[in-house]
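Structural overview for review
Here's the letter readout for the chains.
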Amino acid sequence: MVGAMANNGRIRSAFPVTNGSKDLTPNSAPASTAGSEYGPVEFSREDVEALLNERIKYKSKFNYKERCENMMEYIKRLRLCIRWFQELELDYAFEQEKLKNALEMNEKHCADMETSLRNKEEELNMIIEELRKNFESAQIQLAKEQTEKLAANDSLGKEKEARLAVEKAQAGLTEELGKAQGELQTANQRIQSVNDMYKLLQEYNSSLQLYNSKLQAQKHSFTFDKVFVPNTSQEDVFIEISQLVQSALDGYKVCIFAYGQTGSGKTYTMMGKPGNVEEKGLIPRCLEQIFETRQSLRSQGWKYELQVSMLEIYNETIRDLLSTNKEAVRTDNGVSPQKHAIKHDAHGNTHVAELTILDVKSSREVSFLLDHAARNRSVGKTQMNEQSSRSHFVFTLRISGVNESTEQQVQGVLNLIDLAGSERLSKSGSTGDRLKETQAINKSLSSLGDVIFALGKKEDHVPFRNSKLTYLLQPCLGGDSKTLMFVNIAPESSSTGESLCSLRFAARVNACEIGTPRRQTNIKQLDRLSLG
């Protein structure tokens, strides 16, 4: 469009300087000539055509002054338009020259770039050719090296096979020689062992004959609250003591423990046979009864909270069987004697310091804890028992009950104890650690016998502190608890001597009076679990 470009290539916005298609009249205002005096003036195509086609009209045909003035004004606007065209033409010429120079420069730059690219392409082609030659040479060298390597590997493999064959033959000869020497040594040891065993058997046979002759000359009679024959079921045994377990829910301290020689069935009586429902022991059955009774008493307004702890006394050291620290459970070394100190309070309750105490909600949860404790308990093999308990196991269930209707509170404690078995060193064949364990077990059981003897004679001083076992059981043996002891005896005739000792001990226990059981009611709930 005419008038669309301005100086220096800038876009101008056109504006009219004429009256468009209207004719000028004598009274019309002359077109503005301010373009030459007040700044640039721009024309559009319509403006130019209107200016050229303009016809001047006059009021009076003979008014020459007016005609001259109008003509001068028209000529002035024509000059202004001509000057604008001239300036526009100069702008176009300048822009054309500028674009021409830019085009020449770009063409030259493109030519230079094209030359440079051709040079680069030639250089790259030369590099590619050289790399291709180097690659072919490297392939040839690699193939040669691989061939040499395969040959070397084959040679090395053959050498290794030969060396291994020699070493294997040598090892076979050495092993055969070692076996022969071992068999010879074993044979000598067996000969010596057979000789020693033969002497021991002769001595043992002589002692048995002497002992049997004495037994045949006299009879022994004992009186107990109940005697269970060998074919008595676990359920029948539990039914006999179920009311005693109920006493714990009623707010009494109850203690049940099993005593007897190694292999007589104490652990079977207390724990039963794992995985066999019919042969469950007293502990699982007691727990089932307690949880069932707790549920049935809800309708009467009773709510019970139960807490469990399990420990063992091994070599006069208390071990926490529910501890998550396996080192503290398994080792004696480095365990401070004060770590699990025993304390009795004024109410006859026993507290064991730093003992793990857990809240339980179901018998299934307690069974899981029993399995965990059984895995941590110390056991060992002796000539009298393949799986002999080498420690005293104490299971404690603390029962706190509240009747929401009567606001009555009861606190009972159920202690179920599996004592380690008594054994004679001459029969158990214990050595090393087993010997140390046997000595500790017999000492603690002997202390238990001393306590029972002192209680039976109503002596002023009862040596409860002579062992950890008797000190731990002090409230059960000499306090206000309901205490029951199972004595287990082995049916073999070779165990007659140990059975007599166990029966005599049981008779002594049966003759003891330990005090009147006291029900704990209306007592504020204790924060910690105790053994009673």
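Below: a short report on this structure. As the structure is a computational prediction, the values presented were derived from the model and not from experiment.

Definitions and cut-offs
Residues numbered from 1 in each chain as written. Predicted model: local features only at pLDDT ≥ 70, side-chain atom pairs only at ≥ 80, totals over all residues. Heavy atoms only, no water. Axes fitted to C-alpha atoms, helices over the stretch in contact; angles between N-to-C directions. Helix = DSSP H or I, 4+ residues; strand = E, 2+ residues; numbered from the N terminus. Parallel < 35°, antiparallel > 145°, perpendicular 65-115°, else oblique. Left-handed = near helix turned anticlockwise from the far one by under 90°. Contact = heavy atoms within 4.5 Å. Nonpolar A, V, L, I, M, F, W, Y, C, P; charged D, E, K, R; others polar. Salt bridge = Lys/Arg side-chain N within 4 Å of Asp/Glu carboxyl O. Buried < 20%, exposed > 50% of the residue type's maximum accessible area, 1.4 Å probe, protein only. Expected span 1.5 Å × (residues − 1). Phe/Tyr/Trp six-rings, centres within 6.5 Å; stacked < 30°, edge-to-face > 60°. Pairing = 2+ DSSP bridges. Patch = residues over 30% accessible without salt bridge, like charges linked within 9 Å, V, L, I, M, F, W, Y side chains within 5 Å. Areas by Shrake-Rupley, 256 points an atom, 1.4 Å probe, with all protein chains shown as cover. Polar contact = N/O pair within 3.5 Å; in protein donor to acceptor, adjacent residues only side chain to side chain. Core = buried A, V, L, I, M, F, W, Y, C linked by side-chain atoms within 4.5 Å.

Let's shift gears to the packing of helix H4 (residues 234–249) against helix H6 (residues 282–296). Helix-helix packing is characterised by the crossing angle of the two axes and by the distance between the axes. Interaxial distance between H4 and H6 falls to 9 Å at its minimum, and their mutual angle equals 50 degrees. Between H4 and H6, the angle is such that the two are oblique. Considering how the two elements wind past one another, H4 and H6 form a crossing that is right-handed. Taking contact as the criterion, the partners of Gln234, Glu235, Val237, Phe238, Ile241, Ser242, Val245, Gln246 and Leu249 in H4 are, on H6, Leu282, Arg285, Cys286, Gln289, Ile290 and Thr293. Residue composition of the contact of H4 with H6, by class: eight nonpolar, five polar and two charged.

All right, on to the pattern of salt bridges then. This model, assessed by the stated rule, comprises 10 salt bridges. The shortest N-O distance in the salt bridge between Glu129 and Arg132 comes to 2.9 Å. Placement of both Glu129 and Arg132 in helix H3 (residues 64–217) is noted, with a separation of three residues, approximately one turn of the helix. Overall, Glu129 belongs to the partly exposed group, its relative accessible area being 37%. For Lys280, the salt bridge goes to Glu288, with nearest N and O atoms at 2.6 Å.

Time to look at helix H13 (residues 496–510). The terminal C-alpha atoms of H13 lie 21 Å apart, and with 15 residues this matches the ideal 21 Å at 1.5 Å per residue to within 8%. Looking at H13, one finds that the buried residues are Gly497, Glu498, Ser499, Leu500, Ser502, Leu503, Phe505, Ala506 and Val509.

Okay, the packing of aromatic side chains next. Between two aromatic rings, the relevant description is the distance of the centres plus the angle of the planes. Applying the stated criterion to the full structure yields five aromatic pairs. When the centroid spacing of 6.2 Å and the interplanar angle of 15 degrees are considered together, the rings of Phe222 and Phe224 count as stacked.

All right, on to the pairing of strand S3 (residues 317–320) then. Sheet topology note: the strand S2 (residues 302–314)/S3 ladder contains four bridges and is antiparallel. Of the residues in S3, the one forming a bridge with Ile313 is Ile318. Between S2 and S3, which pair antiparallel and follow one another directly, the connecting turn spans two residues, one of which, Asn315, has a positive phi of 50 degrees.

A few words now on a nonpolar patch on the surface. Together, Leu124, Ile127, Ile128 and Leu131 give the surface a local cluster of nonpolar side chains, amounting to about 380 Å² of exposed area. You can see Leu124 is positioned in helix H3.

On to the packing of H6 against helix H8 (residues 363–376). Taken N-terminus to C-terminus, the directions of H6 and H8 make an angle of 155 degrees; their axes are 9 Å apart at the nearest point. Our classification of the angle between H6 and H8 gives roughly antiparallel. The handedness of the crossing between H6 and H8 comes out as right-handed. On H8, the residues that touch Ile283, Leu287, Glu288 and Phe291 of H6 are Ser363, Val366 and Leu370. Tallied by class, the residues present in the contact of H6 with H8 amount to five nonpolar, one polar and one charged.

Position of Thr350 among the secondary structure elements: in strand S5 (residues 350–352). A distance of 2.7 Å separates a polar atom in the side chain of Thr350 from a polar atom in the side chain of His344.

Once that is clear, we can look at the nonpolar core. Ranked by internal contacts, the top residues of the largest apolar core, which has 38 residues, are Val308, Met310, Phe395, Leu397 and Leu414. Among the secondary structure elements, those contributing two or more residues to this core are H4, strand S1 (253–260), H6, S2, H8, strand S9 (392–403) and strand S10 (409–418). Of all the elements, H4 adds the most residues to this core, at seven residues. Not counting residues within four places of it along the chain, the set of residues in contact with Met310 comprises Arg319, Asp320, Leu321, Leu322, Leu355, Val366, Leu369, Leu370, Ala373, Phe393, Val394 and Phe395. Ranked by size, the runner-up nonpolar core spans 33 residues in total, among them Tyr259, Ile318, Ile441 and Met485.

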